[in-house]
Amino acid sequence: MARKSLIQREKKRQKLEQKYHLIRRSSKKEISKVPSLSEKWKIHGKLQSSPRNSAPTRLHRRCFSTGRPRANYRDFGLSGHILREMVHACLLPGATRSSW
């Protein structure tokens, strides 16, 4: 199980990303439309003035049940070993078991 502080930090990043999503997207569109370089720098400065944690590249997928940040499967939202345990317990419909 991941530490509670790391999970809360990730939730805070998700909220910031949602809050600044439209601002970042609109300023990126402005940069592509403006022809002069000095105006692009001004818009880029405005883009950089937003918090670092509002960038979508800082988000991590975490396991839904344990909060583990690595080896996550997008389809299920679970880490590998939890996914394997749930498949062997027949808790995921449509998933086939394999043993190695």
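Above this text sits the structure in question.
Residues numbered from 1 in each chain as written. Predicted model: local features only at pLDDT ≥ 70, side-chain atom pairs only at ≥ 80, totals over all residues. Heavy atoms only, no water.

**Comments concerning helix 1 (residues 4-33)**
Here is step 1: Between the first and last C-alpha of helix 1 there are 43 Å, a value that for 30 residues agrees with the 44 Å anticipated at 1.5 Å per step.
Here is step 2: Approximately 50° is the largest bend angle found in helix 1, and it occurs at Tyr20.
Here is step 3: Within helix 1 the residues assigned to the buried category are Ile7, Glu10, Arg13, Leu16, Glu17, Tyr20, Arg24 and Ser27.
Here is step 4: On its buried face, helix 1 is in contact with helix 2 (37-48). (Helix = DSSP H or I, 4+ residues; strand = E, 2+ residues; numbered from the N terminus. Expected span 1.5 Å × (residues − 1). Bend = angle between axes of the 7 residues up to and from the residue. Buried < 20%, exposed > 50% of the residue type's maximum accessible area, 1.4 Å probe, protein only. Contact = heavy atoms within 4.5 Å.)

**Quick word on the nonpolar core**
Here is step 1: Ranked by size, the top nonpolar core spans six residues in total: Cys63, Leu78, Ile82, Leu83, Val87 and Leu92.
Here is step 2: In terms of residue count, the dominant contributor to this core is helix 3 (residues 80-88) (three residues).
Here is step 3: Those residues in contact with Leu83 that sit more than four places away from it in its chain are Tyr73, Phe76, Leu78 and Leu92. (Core = buried A, V, L, I, M, F, W, Y, C linked by side-chain atoms within 4.5 Å.)

**Re helix 3**
Three- or four-residue spacings in an α-helix give side chains the same orientation, since the helix completes a turn every 3.6 residues.
Here is step 1: Within helix 3, the full set of buried residues consists of Ile82, Leu83 and Val87. Down the axis, helix 3 shows its buried residues gathered within 135° of arc, on one side only.
Here is step 2: Against the buried residues of helix 3 lie strand 1 (72-73) and strand 2 (78-79).
Here is step 3: Count one or two residues on from helix 3 and you reach Cys90, which has phi positive near 60°. (Arc of directions from axis to C-beta.)

**Some words on the environment of Ala2**
Here is step 1: Tracing the sequence through the fold places Ala2 in the segment before helix 1.
Here is step 2: A residue is classified by how much of its surface remains accessible, and Ala2, at 16% relative accessible area, is buried.
Here is step 3: Between the C-alpha atoms of Ala2 and Thr57, which are 55 residues apart in sequence, the distance is 20 Å.
Here is step 4: Discounting chain neighbours no more than four positions away, the residues touching Ala2 are Ile7, Arg62, Thr66 and Gly67.

Remember that the coordinates give geometry; whether it matters functionally is a separate question.
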